[in-house]
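# Analysis of the macromolecular model
The lines below spell out each chain.
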Amino acid sequence: MESDYLVVGSGIAGLSFALRVAQHGTVIVVTKKKDLDTATNLAQGGIAAVLDSGDSFDSHIDDTLVSGDGLCDPAIVEMVIKNGKSRVTDLINYGVGFVRDERTGKLSLGREGGHGHRRVAHAYDLTGREIERALLAQVKDNPNIILLEDHVVVDLLVRDSNGARICVGAYVMLEEDKVVPFTAQVTVLCTGGAGKVYLYTTNPDIATGDGVAMASRAGASVTNMEFVQFHPTCLFHPLAKNFLISEAVRGEGAILVTAEGQRFMEKYDSRKELATRDKVARSIDQIMKESGNDCVYLDISHKDSRFIQKRFPAIYGKCLEYGIDITKDPIPVVPAAHYLCGGVLVDTWGNTTIAGLMALGETSCTGLHGANRLASNSLLEAVVFAEKAAEYCQQSRAGGLSQENVFDVDSWHYGEANRLEEAVLISHNWDLIRRVMWNYVGIVRTVKRLKLAKTRLTDISEEIEEHYRAYYVSDHMVELRNISHVSLMIVECALMRKESRGLHYCLDYRKRKDGDRYWQTLRRLPNGSPWQFHGEKLRFENNIK
Ligand code: SIN
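Residues numbered from 1 in each chain as written. Predicted model: local features only at pLDDT ≥ 70, side-chain atom pairs only at ≥ 80, totals over all residues. Heavy atoms only, no water.

## Quick word on the sheet that holds strand β11 (residues 228–235)
Spatially, four strands are ordered β11-β14-β13-β12 in an open sheet, and the strand pairing comes out antiparallel. The two strands at the open ends of the sheet, each matched to only one other strand, are β11 and β12 (255–257). The average angle at which neighbouring strand axes cross in this sheet is 45 degrees, direction not considered. As paired elements, β11 and strand β14 (residues 331–340) share six bridges and run antiparallel to each other. The residue bridging V228 from the neighbouring strand is L340, located in β14. Here helix α8 (residues 277–291) sits on the sheet and contacts β11, β12, β13 (296–299) and β14; the angle it forms with β11, its principal contact strand, is near 60 degrees. (Pairing = 2+ DSSP bridges. Helix = DSSP H or I, 4+ residues; strand = E, 2+ residues; numbered from the N terminus. Axes fitted to C-alpha atoms, helices over the stretch in contact; angles between N-to-C directions. Contact = heavy atoms within 4.5 Å.)

## Notes on the site of the ligand
Q44, G45, H231, L244, S246, E247, R277, H338, R373, A375 and S376 make up every residue found near the ligand. At 2.8 Å, a side-chain N or O of H231 approaches an oxygen atom of the ligand. Side-chain polar atom of H338 to an oxygen atom of the ligand: 2.7 Å apart, as the coordinates give it. Taken by itself the ligand offers 260 Å² of open surface, and the protein chains cover 93% of this. For the shell around the ligand, the per-class residue count stands at two nonpolar, six polar and three charged. (Near = heavy atom within 4 Å. Polar contact = N/O pair within 3.5 Å; in protein donor to acceptor, adjacent residues only side chain to side chain. Areas by Shrake-Rupley, 256 points an atom, 1.4 Å probe, with all protein chains shown as cover. Nonpolar A, V, L, I, M, F, W, Y, C, P; charged D, E, K, R; others polar.)

## Examining the nonpolar core
Grouped together as the largest cluster of nonpolar side chains are 76 residues, with contacts concentrated most on Y198, M225, M437, V441, V486 and I490. Once you skip the residues sitting within four places of it in the chain, M437 turns out to touch V197, Y198, G442, L457, S487, I490 and V491. Among the nonpolar cores identified, the runner-up in size contains 54 residues, and V21, M79, F98 and L135 belong to it. (Core = buried A, V, L, I, M, F, W, Y, C linked by side-chain atoms within 4.5 Å. Buried < 20%, exposed > 50% of the residue type's maximum accessible area, 1.4 Å probe, protein only.)

## Considerations on a negative patch on the surface
Negative charge collects at one region of the surface, where D459, E462, E463 and E466 lie side by side. Topologically, E462 is positioned in helix α13 (residues 447–470). (Patch = residues over 30% accessible without salt bridge, like charges linked within 9 Å, V, L, I, M, F, W, Y side chains within 5 Å. Salt bridge = Lys/Arg side-chain N within 4 Å of Asp/Glu carboxyl O. Lys, Arg positive; Asp, Glu negative; His and termini not counted. Charge placed at Lys NZ, Arg CZ, Asp CG, Glu CD.)

## Quick notes on the sheet that holds strand β5 (residues 120–121)
Spatially, three strands are ordered β3-β5-β4 in an open sheet, and the strand pairing comes out antiparallel. Each edge of the open sheet carries a strand with a single partner, namely β3 (47–48) and β4 (109–110). Of the pairings in the sheet, the one linking β4 to β5 comprises two bridges and is antiparallel in character. Its bridge partner being in β5, G110 is matched across the sheet by V120.

## As for the packing of aromatic side chains
This model, assessed by the stated rule, comprises six aromatic pairs. Ring centres 5.2 Å apart and planes at 75 degrees place the aromatic pair Y198 and F230 in the edge-to-face group. In this pair, Y198 sits in the loop between β9 (178–189) and α6 (210–217) while F230 sits in strand β11, placing the two residues 32 residues apart along the sequence. Of the residues examined, F230 reaches a relative accessible area of 4% and is grouped as buried. On the basis of an interplanar angle of 80 degrees and a centroid distance of 6.4 Å, the ring pair of Y198 and W438 is categorised as edge-to-face. Of this pair, Y198 sits in the loop between β9 and α6 while W438 is found in helix α12 (residues 424–440), placing the two residues 240 residues apart along the sequence. We classify W438 as partly exposed; its relative accessible area is 23%. An aromatic cluster is defined as three or more aromatic residues linked by ring pairs; in this entry it consists of Y198, Y200, F230 and W438. The aromatic ring of Y468 is capped on one face by R481, whose charged end is 3.7 Å from the ring centroid. (Phe/Tyr/Trp six-rings, centres within 6.5 Å; stacked < 30°, edge-to-face > 60°. Lys NZ or Arg CZ within 6 Å of the ring centre and 35° of its normal.)

Listed below in structure tokens is the structure:
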């Protein structure tokens with residue numbers, strides 16, 4: 001298969017990019033399950049942007065920098081926020097039906113933690129589903145885009161060219177033991193995050209960090225992996241899997257209470273329930289540890305029942321399925337892994353450190369989120385960078401800058417591989433990794449637990465590499481290999497950060513070290529070399545909150 005652009009992933013970042021570059025080139029979008037199996041499709045809250053005349057760029061910028069706890073790149077923050085309104089308008093033009101005020105016809109704007117203003121455009125609590133619907137309809141209607149479901153990318157096709165690394169596509173698995181090369185001028189990783197490295201997550205099953213793991217194996221720089229965001233309010237119920245209770249519920253006045261009905265957030269932060277996520281999740285963790293209870297409760301029952309049902313139809317319906325009427329009862333909630341603030345290091349245009357390889361959305365680390373993402377800034381980042389990346393590609397082509405055109409690539413090497421007869425070899429390690437990460441690399445960390453995690457994960461990862469070589473590849477094997485690599489990167493970064501900042505809270509270093517502000521970049525030497533990590537300091541001089 002050959003195309004100008006190979007896009008991996010069918011969420012908001014991949015589809016937005018595909019639609020733009022399809023104006024000047026051929027695009028193949030591959031997605032490992034069905035087109036709707038994306039984190040975008042589950043997004044409830046919405047997209048943050050300055051959309052109201054009473055709001056200002058400065059206010060949104062300030063909120064983003066404060067939430068990022070000193071590690072945002074201020075120039076990127078400004079660029080993204082100033083582009084927000086145009087990109088929301090693009091989405092509306094693609095057919096996204098954001099909710100409007102019945103009286104004024106203006107966009108109805110929600111509020112979330114860390115925001116000083118109402119600025120979240122939404123489609124009630126089904127915003128992601130609405131965005132995904134509209135973008136997929138456009139993509140399927142576009143003759144320059146081919147969208148292929150059930151195509152699992154195994155690894156990137158990378159070669160050395162005049163001393164530089166260059167990506168020329170990817171090996172894609174069509175079915176077990178059938179892997180073929182897909183070549184492209186530009187390969188774009190939009191595979192979402194890596195919530196599945198943790199036992200409990202709000203993420204869909206596809207969130208196995210594939211893009212980050214593949215880019216890293218290919219030799220790209222990966223940054224700030226220690227900053228994993230735990231969403232404070234995931235529904236706590238034995239039958240509910242991954243169900244988020246949107247932060248917008250707190251934005252509309254819900255309060256957090258203990259099992260005894262005591263409100264507790266004011267003890268931890270003057271912004272109470274609308275503090276940033278790192279603070280709220282850590283406070284809940286503390287309350288649960290102190291009380292020994294399995295959850296806390298989110299209560300919005302004091303609001304008008306018709307308002308609740310209209311504003312949060314999905315949450316209302318899902319909770320009712322489990323016997324919880326949120327118009328009357330408090331909702332049992334726990335924090336769960338939600339968003340990867342680090343990722344593949346990219347520049348202002350979405351370029352990684354490998355030529356021909358770009359990364360967008362949660363897979364990338366742009367500098368917008370710093371040490372803790374502000375709520376609803378992620379859909380914004382995805383659309384802004386999709387546009388920037390497409391502009392870069394268009395200019396490169398117009399300037400004749402496209403990379404070498406001939407891709408005589410090697411076919412997939414099956415070696416002496418056999419069929420794996422015992423699925424338990426995979427499921428056992430899946431379970432181990434996710435438990436180690438949950439128990440040792442969670443919301444509150446210690447150096448001792450991180451070191452234990454490193455030892456265990458290194459052993460598991462060596463075993464997985466042996467299996468990977470010995471057996472035919474399967475989708476589960478590919479994902480397992482990816483979560484093992486991503487977990488190790490999270491642990492390595494967490495061990496290297498000798499302070500507490502944003503989402504990384506370590507009992508051995510409880511304070512933020514402001515004299516020593518840095519991102520951590522990991523790079524693995526090209527294929528065949530041992531897995532290596534090193535820290536690289538990028539310092540920001542100006543305008544840091
Ligand atoms: C939510 O609705 O609470 C999630 C929004 C986000 O993660 O930005």
